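Examining the three-dimensional arrangement
Next come the chains, spelled out residue by residue.
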Amino acid sequence: MFVHAHPDDEAIFTGGTMRRLASAGHRVVLVVATGGELGLTAEGVEVGAGGGGIAALAERRTAETAAAAALLGVARVAWLGYHDS
């Protein structure tokens, strides 16, 4: 089980380890504390500055995390639902 504060932390910090464990047959679970709604878009656009708003950014980052998790072999992603800060 890997626990991260924000979506995309798994790709930045522990993605290689996740993929390696999944490839070795281990069940990998990712726990994400927040939706990352106060972060930047992939293009570096701040929320409120053309990023589509907080809800849109959280939705986008959730989708990006799901895609990354699939590539990394993650069996389950659990969202804790805390507000990003």
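Refer to the preceding data block for the structure.
In what follows, the accompanying structure is described.

1. Remarks on the environment of H83
- Relative to the helices and strands, H83 is located in the segment after β3 (76–82).
- Classification of H83 as exposed rests on a relative accessible area of 56%.
- Between the C-alpha atoms of H83 and G36, which are 47 residues apart in sequence, the distance is 7.9 Å.
- When sequence neighbours within four positions are dropped, the list of residues in contact with H83 reads T34, E37 and L38.
- At 3.0 Å, the side chain of H83 forms a polar contact with the side chain of E37.

2. A look at the pairing of strand β2 (residues 29–34)
- The buried count for β2 comes to 6 of 6 residues, which makes it a mostly enclosed element.
- Across 3 bridges, the pairing between strand β1 (residues 2–4) and β2 is parallel. Of the residues in β2, the one forming a bridge with H4 is V32.
- Regarding topology, helix α1 (residues 9–23) serves as the crossover connection from β1 to the parallel β2, and that connection is right-handed.
- Of the strand pairs in this sheet, β2 and β3 are connected by 5 bridges, and their pairing is parallel. Among the inter-strand pairings, V29 is bridged to a residue of β3, identified as R76.

3. Points about the environment of R76
- You can see R76 is positioned in strand β3.
- Taking the C-alpha atoms as reference, R76 lies 5.0 Å from V29; in sequence the two are 47 residues apart.
- Apart from residues lying up to four places away in sequence, R76 is in contact with R27, V28, V29 and L30.

What counts, and where the lines are drawn
Residues numbered from 1 in each chain as written. Predicted model: local features only at pLDDT ≥ 70, side-chain atom pairs only at ≥ 80, totals over all residues. Heavy atoms only, no water. Helix = DSSP H or I, 4+ residues; strand = E, 2+ residues; numbered from the N terminus. Buried < 20%, exposed > 50% of the residue type's maximum accessible area, 1.4 Å probe, protein only. Contact = heavy atoms within 4.5 Å. Polar contact = N/O pair within 3.5 Å; in protein donor to acceptor, adjacent residues only side chain to side chain. Pairing = 2+ DSSP bridges. Right-handed = clockwise from strand over helix to strand, strands pointing away.

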